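Here are the chains, one letter per residue:
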Amino acid sequence: MDKPMPSVTELINRPFRYFYEDGLVELAVGTLFFTAGLAIGAWAVTPAWSPWRLAGVLLMVAIPTLGSVMFKRLVRTVKDRWIHPRTGFVDYGKPQPSGARWVVIAGASVLALAAFVLPDRLNNMAFMEGALLGLVMASLAFRSRLPRYYLLAAISALIGLAAALWFGSDLWGSAATFGAIGAVMILSGGCALRRYLTAHPAPKVDRA
Amino acid sequence: MSEPIKSLVDADRIVHEPARLAILALLHSVRGADFLFLQEETGLTKGNLSSHLGRLEAAGYIDIEKTFQGKIPRTVCRITAGGRRAFESHCQALRGVIEDRG
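Keep in mind it's a predicted model, so treat the numbers as computed, not measured.

Asks: Mind showing me how you'd approach the environment of B:Leu56 here?
Replies: All names here are of chain B. Its location among the elements puts Leu 56 in helix 5 (residues 46-58). The class of Leu 56 is buried, set by a relative accessible area of 0%. C-alpha separation for the pair Leu 56 and Ala 33, spaced 23 residues apart in sequence, amounts to 14 Å.

Here you go:
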């Protein structure tokens, strides 16, 4: 029997939501952020010119470059194995620019200008990072219509604020911000993935 | 009869059918999607979806490509330029009717 059809507007937006629904992107990005937090923390505790600090610096360079490429491939592979056989495959092609990026750019600009007027305790990297990540997640929440991203946005901003107020140094504040946000995203992504796989059981395969 | 209403009455019947409109809406913002995704999202039965995809392909609004992902067959549907134009034109006509009613 046919199920009731969603509206045209919902359907146009549906493929975008589908990409984020299973929690895999959160898991991947959360792991990258958590690793970045560890790398920054390692940088903060190790003496200058020690091998550990060098390793931390290399890791911080590798994470946004190689890390994002590796994780993109990993997400695609896991989606091919676990998600596409359950709920289907979408070829997204090149990402289309959207108006949301202007919101994020505007927000980042406001934060940069706010650095001139914020009190000293908030005028540090942790607060800016938490606020910017919160803005990016709020933008994703708006486009994907996934409520949990609004929660992640609020948590990110709060973590940034807490880290700014708690830690005296930019390094420790950033390490705590990225580490904590990463951990929250791993937890959120893991729960979302588990819920998704439970709601959409794997198709039965005929083994002849 | 007002112009917006007239444009809706003269609407492309291929696009206007709700199931086919839904399929084109799903394909509109991506490069392609497979049969299973379209079935899950539209809630149509396999036979019903196949029939609608056949109509859309015959009208030149989508291309259907049968490939393999490893050993698993995969049917991928992609909207054509003509299909995109037809869908956007139909959405424009619908918007015109709603705005005309105020």
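After presenting the structure, the write-up continues.
Asks: Explain the side chain of A:Ser174 here, please?
Replies: Mapped onto the fold, A:Ser174 is located in helix 7 (residues 170-199). Not counting residues within four places of it along the chain, the set of residues in contact with A:Ser174 comprises A:Ile40, A:Met125, A:Ala126 and A:Glu129.

Asks: Just checking my understanding: could you explain the packing of aromatic side chains for this structure?
Replies: The geometry of an aromatic ring pair is captured by the separation of the ring centres together with the interplanar angle, meaning the angle of the planes. Residue and element names in this part refer to chain A. Evaluated as defined, the whole model comprises 6 aromatic pairs over all chains. Between Phe 19 and Tyr 92, the ring centres sit 5.3 Å apart and the planes meet at 75°, which makes this aromatic pair edge-to-face. In this pair, Phe 19 is assigned in helix 1 (residues 8-21) and Tyr 92 in the loop between strand 1 (90-91) and helix 4 (100-114), connecting sequence segments 73 residues apart. Tyr 92 gets classed as partly exposed once you look at its relative accessible area, which sits at 28%. Measuring from centroid to centroid gives 5.5 Å for Phe 33 and Phe 178, while their planes differ by 70°, and the two rings are edge-to-face.

Asks: Could you clarify how one ought to interpret the packing of helix 3 (residues 51-87) of chain A against helix 4 (residues 35-42) of chain B in this entry?
Replies: How two helices sit against one another is set out by the angle between their axes and by the gap between those axes. Look at helix 3 of chain A against helix 4 of chain B: their axes get within 7 Å of each other, and the N-to-C directions meet at 55°. When the axes of helix 3 of chain A and helix 4 of chain B are compared, the pair comes out oblique. Residues A:His84, A:Pro85, A:Arg86 and A:Thr87 of helix 3 of chain A form the contact with helix 4 of chain B, whose participating residues are B:Leu36, B:Phe37 and B:Glu40. Residue composition of the contact of helix 3 of chain A with helix 4 of chain B, by class: 3 nonpolar, 2 polar and 2 charged.

Asks: Would you mind going over the nonpolar core with me for this structure?
Replies: Most often, soluble globular proteins keep nonpolar side chains buried together rather than apart. All names here are of chain B. Counting 58 residues, the largest nonpolar core has Leu 24, Leu 27, Leu 38 and Leu 53 as the members making the most contacts within it. Broken down by element, the residue count for this core peaks at 8 residues, all from helix 3 (residues 18-28). Residues contacting Leu 27, with those up to four places away along its chain left out, are Gly 32, Ala 33, Leu 38, Ile 62, Cys 77 and Ile 79.

Asks: Honestly, the interface of chain A and chain B in this entry has me stumped. Any pointers?
Replies: You'll often see interface size given as the accessible area lost when the parts meet. Taken together, the contact between chain A and chain B spans 23 residues of the former and 26 residues of the latter. Taken together, the two surfaces of chain A and chain B that pack against each other cover about 2,100 Å², and 59% of this comes from carbon and sulfur. Across the chain A-chain B interface, the total number found is 4 salt bridges. Note that A:Asp91 is salt-bridged to B:Arg31, the shortest N-O span being 3.1 Å. Viewed at the interface, chain B and chain A are joined by 7 residue pairs in polar contact (both at pLDDT 80 or more).

Scoring rules and cut-offs
- Residues numbered from 1 in each chain as written.
- Chains lettered and ligands numbered in written order.
- Predicted model: local features only at pLDDT ≥ 70, side-chain atom pairs only at ≥ 80, totals over all residues.
- Heavy atoms only, no water.
- Helix = DSSP H or I, 4+ residues; strand = E, 2+ residues; numbered from the N terminus.
- Buried < 20%, exposed > 50% of the residue type's maximum accessible area, 1.4 Å probe, protein only.
- Contact = heavy atoms within 4.5 Å.
- Phe/Tyr/Trp six-rings, centres within 6.5 Å; stacked < 30°, edge-to-face > 60°.
- Axes fitted to C-alpha atoms, helices over the stretch in contact; angles between N-to-C directions.
- Parallel < 35°, antiparallel > 145°, perpendicular 65-115°, else oblique.
- Nonpolar A, V, L, I, M, F, W, Y, C, P; charged D, E, K, R; others polar.
- Core = buried A, V, L, I, M, F, W, Y, C linked by side-chain atoms within 4.5 Å.
- Buried area = accessible area lost by both parts, 1.4 Å probe.
- Salt bridge = Lys/Arg side-chain N within 4 Å of Asp/Glu carboxyl O.
- Polar contact = N/O pair within 3.5 Å; in protein donor to acceptor, adjacent residues only side chain to side chain.

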